[in-house]
Amino acid sequence: MEFTESYKQTGPCCFSPNARFLAVAVDYRLVIRDVLSLKVVQLFSCLDKISYIEWALDSEYILCGLYKRPMIQAWSLTQPEWTCKIDEGPAGIAYARWSPDSRHILTTSDFQLRLTVWSLVNTACVHVQWPKHASKGISFTQDGKFAAICTRRDCKDYINLLSCHTWEIMGVFAVDTLDLADIEWSPDDSAIVIWDSPLEYKVLIYSPDGRCLSKYQAYESGLGVKTVSWSPCGQFLAVGSYDQMLRVLNHLTWKTFAEFLHLSTVRAPCYAAVFKEVDEPLQLDMSELCLSDDFIQGNSDAPEGHVQVRYEVMEVPITLPSQKPPADKPNPKQGVGLMSWSKDSQYICTRNDSMPTAVWIWDIHRLELAAILVQKDPIRAAAWDPTCPRLVLCTGSSHLYMWTPSGAYCVSNPLPQFSVTDLKWNSDGSCLLLKDKESFCCAAMPILPESSEYSSDD
């Protein structure tokens, strides 16, 4: 792996969908860099500090959310002189997003009073009253033709289907939820999954015409659904719950065919590899090194040596570090809070929030646990390579941790005083964006061979 030097950032950073550009927020300035050279290709000045940025799907436009104002500014890479400013006035702006055609911006006002679709072509706007959420509750089909928008009125949840061509409402139907949490189209656009708030375990599958295809409820008492995710192939629906279990449904009968439990103690029989991060002090032969007394006294408070990190394969049984959330506080840190599918839909990685230092990797084809990565620190972020089954995660240390079906390995970031707190893949899998508190760098990723053997020294 090759690392670039670090650059300043004070907010969101993201790659363009075409993998050519990197947008970086630096206070009120939007810096557009070339991915290969990281040279600045465009510089835009906003009216306030940038809170949020999002690329249009065609990578030609980019919007900046100035939520302190509140205001939205949009810019064009091909026409730098073109500008766009959206101000809802007293209604405010809680969130903004692009439509799939890259020519409309959807904004949600404060207190979810209305959702507005703004056209960049003819400056027309369309309003949808009472959206359920600001940043959630909206999903587009893969072909970009339709949008499903959750609304709530008269204490009941509804789904509004809109055409993304005319933005006319094609249909409205009520859903059987107590307090709808979110919605997502299936990858083949044939179904819509809806799940309820954590107070009610309920996962509903609807057809686009409003028919309820299936209702899934694993249990009744206790906190319910925490995360839901379609597999990229569209054949599986993964549901992570507060009961620390991952359940996977099939798309034919909508029944569960796999249930994976995150136990704090892993016992035999277990054929998964358990990798534990350990420190290994760097051994230096200083027998022939002669230092003056002044130098030794002046550096007496220096660290005793560099620390090298590696993975150690552990034997079962093994007890994973866990913490019990307090019973008198809301939003307990337990259950499957992080869940992500690999590109080929064979693997899914999870994190049980009551065991924040462990990542579980499940093999859906074999219906078994493939590996567990046990870190020293809580996992901040984990992301799959968009081109192959390679998982990268960070814990706020100076290291990156990677897993492939061939094994796991650690990579040290050579930049001094750089702690990796977040990471993002470029869409072509060529490089990683690594973020520290006030800086970022990029790491060029080697192409993963078909059969590769990695070790901790790579």
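For clarity, every value in this text was computed on a predicted model and none was experimentally measured. (Residues numbered from 1 in each chain as written. Predicted model: local features only at pLDDT ≥ 70, side-chain atom pairs only at ≥ 80, totals over all residues. Heavy atoms only, no water.)

**Considerations on the overall build of the chain**
In step 1: Along the backbone of the chain there are 1 helix and 41 strands.
In step 2: Expected size for 458 residues packed as a compact globule is a radius of gyration near 23 Å; at 24 Å, the chain falls within 12% of this value.
In step 3: With 458 residues in all, the chain has 53% of them scored as buried.
In step 4: Only carbon and sulfur atoms are counted for the fraction: they give 50% of the accessible area of the chain, which is about 22,100 Å². (Helix = DSSP H or I, 4+ residues; strand = E, 2+ residues; numbered from the N terminus. Rg over C-alpha atoms; globule rule 2.2 N^0.38 Å. Buried < 20%, exposed > 50% of the residue type's maximum accessible area, 1.4 Å probe, protein only. Areas by Shrake-Rupley, 256 points an atom, 1.4 Å probe, with all protein chains shown as cover.)

**A look at the sheet that holds strand E23 (residues 225-230)**
In step 1: What the 4 strands build is an open sheet, ordered E23-E24-E25-E26; its pairing is antiparallel. Since the sheet does not close on itself, it has two edges, and those belong to E23 and strand E26 (256-261), each with one partner. Here the average twist between neighbouring strands, direction ignored, is 15°.
In step 2: Here 5 bridges tie strand E24 (residues 236-241) to strand E25 (residues 245-250), and the two strands are oriented antiparallel to one another. Bridge pairing in E25 places Ala238 opposite Val248. (Pairing = 2+ DSSP bridges. Axes fitted to C-alpha atoms, helices over the stretch in contact; angles between N-to-C directions.)

**Describing the side chain of Ser345**
In step 1: For Ser345, the position within the fold is in the loop between strand E31 (336-341) and strand E32 (347-352).
In step 2: Residue class for Ser345 comes out buried when judged on its relative accessible area of 2%.
In step 3: Polar contacts involving the side chain of Ser345 include one to the main-chain amide nitrogen of Cys233, which spans 3.1 Å.
In step 4: With residues up to four places along the chain from it excluded, the contact list for Ser345 reads Ser231, Pro232, Cys233, Phe236, Ile364 and His365. (Polar contact = N/O pair within 3.5 Å; in protein donor to acceptor, adjacent residues only side chain to side chain. Contact = heavy atoms within 4.5 Å.)

**Focus: the nonpolar core**
In step 1: Leu246, Val248, Leu320, Ile348, Trp360 and Ile372 are the most contacted members of the largest nonpolar core, which has 23 residues in total.
In step 2: For this core, the secondary-structure elements that each account for two or more residues are E24, E25, E26, E31, strand E33 (358-363) and strand E34 (368-374).
In step 3: Ranked by size, the runner-up nonpolar core spans 19 residues in total, among them Leu338, Tyr347, Cys349 and Ala382. (Core = buried A, V, L, I, M, F, W, Y, C linked by side-chain atoms within 4.5 Å.)

**Overview of the pairing of strand E10 (residues 83-86)**
In step 1: Burial along E10 is one-sided: Cys84 and Ile86 are buried, and none of Thr83 and Lys85, which face the opposite way, are.
In step 2: In the sheet, strand E9 (residues 71-76) pairs with E10 via 4 bridges, with the strands oriented antiparallel. Looking at the pairing, Gln73 lines up with Lys85 of E10.
In step 3: Linking two consecutive strands that pair antiparallel, namely E9 and E10, is a turn of 6 residues.

**Here's the deal with the pattern of salt bridges**
In step 1: In total, this model carries 17 salt bridges according to the counting rule given.
In step 2: The closest approach of N and O atoms between Lys215 and Asp176, which form a salt bridge, is 3.9 Å. Remark: Asp176 occurs in the loop between strand E18 (169-174) and strand E19 (180-185) and Lys215 occurs in strand E22 (residues 212-216); sequence separation between them is 39 residues.
In step 3: Taking relative accessible area as the criterion, Lys215 reaches 47% and is therefore assigned partly exposed. (Salt bridge = Lys/Arg side-chain N within 4 Å of Asp/Glu carboxyl O.)

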